[in-house]
Amino acid sequence: MSSADQIRAIRWEEGQLCLLDQRLLPQQETWLKLSDYRAVAVAIRQMVVRGAPAIGITAAYAMALAVREASTHTDWQARLLSAADEIKAARPTAVNLAWATDRQLALAQSVSTAGQAVAALLQAAHDLLRDDIADNQRLGRYGAELLPAEGGILTHCNTGSLATGGYGTALGVIRAGISAGKQLHIYADETRPWLQGARLTAWELQKDGIPFHLHADSAAAYLMQQGLIHAVIVGADRIAANGDTANKIGTYSLAVLAQYHQIPFYVAAPLSTVDFAMPDGGGIVIEERPAAEVQQCAGHVVAPEGVEVRNPAFDVTPASLITAIITERGVARPGFPVALQALAAGHMQA
Ligand code: MRU
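Residues numbered from 1 in each chain as written. Predicted model: local features only at pLDDT ≥ 70, side-chain atom pairs only at ≥ 80, totals over all residues. Heavy atoms only, no water.

### Here we look at the overall build of the protein chain
Piece 1. The number of helices and strands found in the protein chain is 11 helices and 16 strands.
Piece 2. Taken over the C-alpha trace, the protein chain has a radius of gyration of 20 Å; the compact-globule value for 350 residues is 20 Å, and the two agree within 12%.
Piece 3. Scored against the burial criterion, the 350 residues of the protein chain give a buried share of 54%.
Piece 4. Contacts spanning at least 24 positions in sequence make up 74% of the contacts within the protein chain whose residues lie at least 6 apart.
Piece 5. Carbon and sulfur atoms provide 53% of the accessible area of the protein chain, an area that totals close to 14200 Å².
Piece 6. Here the protein chain contributes 26 positive and 33 negative side-chain charges, whose respective centroids are spaced 3 Å apart. (Helix = DSSP H or I, 4+ residues; strand = E, 2+ residues; numbered from the N terminus. Rg over C-alpha atoms; globule rule 2.2 N^0.38 Å. Buried < 20%, exposed > 50% of the residue type's maximum accessible area, 1.4 Å probe, protein only. Contact = heavy atoms within 4.5 Å. Areas by Shrake-Rupley, 256 points an atom, 1.4 Å probe, with all protein chains shown as cover. Lys, Arg positive; Asp, Glu negative; His and termini not counted. Charge placed at Lys NZ, Arg CZ, Asp CG, Glu CD.)

### Re the UniProt feature "binding site: substrate" (unreviewed entry) in the protein chain
Piece 1. In the numbering used here, UniProt assigns the "binding site: substrate" (unreviewed entry) feature to Arg50, Gly51, Ala52, Arg91, Gln196, Asn247 and Lys248.
Piece 2. Tracing the backbone through its elements, the reader meets glycine 51 in the loop between helix 1 (37–45) and helix 2 (52–70).
Piece 3. Given a relative accessible area of 14%, glycine 51 falls into the buried group.
Piece 4. Along the polypeptide, glutamine 196 turns up in helix 7 (residues 196–208).
Piece 5. The class of glutamine 196 is buried, set by a relative accessible area of 2%.
Piece 6. With residues up to four places along the chain from it excluded, the contact list for glutamine 196 reads Met47, Arg50, Cys157, Asn158, Glu190, Thr191, Thr201 and Lys248. (UniProt positions renumbered as here; feature names shortened; annotations may be inferred.)

### Description of the site of the ligand
Piece 1. Inspection of the region around the ligand gives 18 residues, with Arg91, Gln196, Asp237, Asn247 and Lys248 positioned closest.
Piece 2. The contact in question runs from an oxygen atom of the ligand to an N or O atom on the backbone of alanine 52, over 2.8 Å.
Piece 3. Separating an oxygen atom of the ligand from a side-chain N or O atom of lysine 248 is a distance of 2.8 Å.
Piece 4. Contact with the protein chains covers 99% of the free accessible surface of the ligand, which is 420 Å².
Piece 5. Looking at the shell around the ligand, the elements that each hand over two or more residues are helix 2 and strand 9 (245–248). (Near = heavy atom within 4 Å. Polar contact = N/O pair within 3.5 Å; in protein donor to acceptor, adjacent residues only side chain to side chain.)

### Thoughts on helix 1
Piece 1. Turning to helix 1, its buried residues number three or more, namely Tyr37, Val40, Ala41, Ala43 and Ile44. Seen along its axis, helix 1 keeps its buried residues to an arc of 160°; they face one direction.
Piece 2. Where the residues of helix 1 are buried, they touch strand 2 (16–20), strand 3 (31–34), helix 2, helix 3 (76–88) and helix 4 (95–109).
Piece 3. Residue aspartate 36 occupies the N-cap position of helix 1, its side-chain oxygen lying 2.8 Å from the main-chain nitrogen of arginine 38.
Piece 4. Immediately beyond the C-terminal end of helix 1, within one or two residues, lies methionine 47, with a positive phi of roughly 70°. (Arc of directions from axis to C-beta.)

### Observations concerning the sheet that holds strand 16 (residues 330–332)
Piece 1. The strand order 6-5-4-7-10-15-16 describes an open sheet built from 7 strands, whose pairing is mixed. Both outer strands of the open sheet, strand 6 (212–215) and strand 16, are each paired with one neighbouring strand and no more. Sheet twist, expressed as the mean angle between neighbouring strand axes with direction ignored, is 25°.
Piece 2. Here 3 bridges tie strand 15 (residues 324–327) to strand 16, and the two strands are oriented antiparallel to one another. Residue pairing in the sheet places threonine 327 in a bridge with glycine 330 of strand 16.
Piece 3. Contacts between helix 7 and the sheet are confined to strand 4 (150–155), strand 5 (183–189) and strand 6, with strand 6 contributing the most and set at about 175° to the helix.
Piece 4. Set on the sheet, helix 9 (residues 251–260) makes contact with strand 4, strand 5, strand 7 (231–234) and strand 10 (265–268); between it and strand 10 the angle comes to about 145°. (Pairing = 2+ DSSP bridges. Axes fitted to C-alpha atoms, helices over the stretch in contact; angles between N-to-C directions.)

### Considering the packing of aromatic side chains
Piece 1. Within this structure, the stated rule accounts for 1 aromatic pair.
Piece 2. Judged by centre distance (5.4 Å) and plane angle (15°), the ring pair of tryptophan 12 and tyrosine 61 falls under stacked. Residue tryptophan 12 is located in strand 1 (residues 10–13), and its partner tyrosine 61 is located in helix 2; the two are separated by 49 residues in the primary sequence.
Piece 3. With a relative accessible area of 22%, tryptophan 12 lands in the partly exposed category.
Piece 4. Seen from the ring of tryptophan 31, arginine 11 lies directly overhead, with NZ or CZ sitting 4.0 Å from the centre.
Piece 5. Here arginine 199 stacks its cationic end above the ring of tryptophan 194, 4.4 Å away from the centre of that ring. (Phe/Tyr/Trp six-rings, centres within 6.5 Å; stacked < 30°, edge-to-face > 60°. Lys NZ or Arg CZ within 6 Å of the ring centre and 35° of its normal.)

### Notes on the pairing of strand 5
Piece 1. Within strand 5, 5 of the 7 residues are buried, which leaves the element mostly enclosed by the surrounding structure.
Piece 2. Where strand 4 and strand 5 come together, 6 bridges link them in parallel fashion. Residue pairing in the sheet places leucine 154 in a bridge with tyrosine 187 of strand 5.
Piece 3. Handedness of the crossover is the feature at issue here: the chain leaves strand 4, passes through helix 6 (residues 170–179), returns alongside strand 5, and the resulting connection is right-handed.
Piece 4. Note: strand 5 against strand 6, 4 bridges, orientation parallel. Bridge pairing links aspartate 189 to histidine 215 in strand 6.
Piece 5. Between the parallel pair strand 5 and strand 6, the chain is carried across by helix 7, and the sense of this crossover is right-handed. (Right-handed = clockwise from strand over helix to strand, strands pointing away.)

See below:
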């Protein structure tokens, strides 16, 4: 079996978008074939595909499907606009979804005919997928330089091949560190309630033969106190212009713990995850997901019937708790507003 580094969970085949159904992993590797953008929006909402870069790429393909359908109508541009709204509404927190959708919309508006738009949006989706993998590999190399030559690295959620076009962001940094010969041992949070760590990160690490332990989220403080963790590295769903970072629920508590234990806390994300229109994390919309995800664990009811639940899917880590933000163009250090702008403008930093 191929390593997870080579896994591609998003493919275009014979005019259809193929998504590896992440709800069923690791027990089943089942692919869904979608040719209607509405079904793609549902797949994003229901977590068939998840992870900020992955849902951005999926949204780009959804727009390619939408313009193909709209192209037989004279009001194709209005139809595409309404499809874009539907796609963007699938999940609110990860900025990559709106970023990729709006990019496709602007591309459609820049050409003269519906036929040109059909070809251009499909090609742009392919390009986004290809570029995301290359960006992650670059980001991984920058990030690997920050990791110790040996030691324990704690990570949260799934930020690997499954969450991106391929290779991964935080998990890409770990992969690059291992490739560079670093002796890393990974500690993967299980990531309740959806268990991205237990189901997806563990699956990827096992396929790649990277040494790791899986632990309950609540074990993180103990592992740090025992001196087992030398760096924490996570991904991001939206980074505000000042560096405040929305990521999977539980990330903020890890950042607080890391500061207490004087452990570096790194965020790894492509620049498409930085929302320069959002001055700080206070304005980031946090998705609330269904109560059943907390009332149940892996499909089994664990709470008394009718119990009320809060299920925020993300939290915001203040920039002051972040040691560095690793991107495909280099590493931003505190003083994030200036450092992130410089990276976006094309200046490399390390
Ligand atoms: O709810 P999810 O699984 O889409 O959340 C994913 C995360 O929070 C990831 O850490 C983030 O998207 C970065 S993925 C490279």
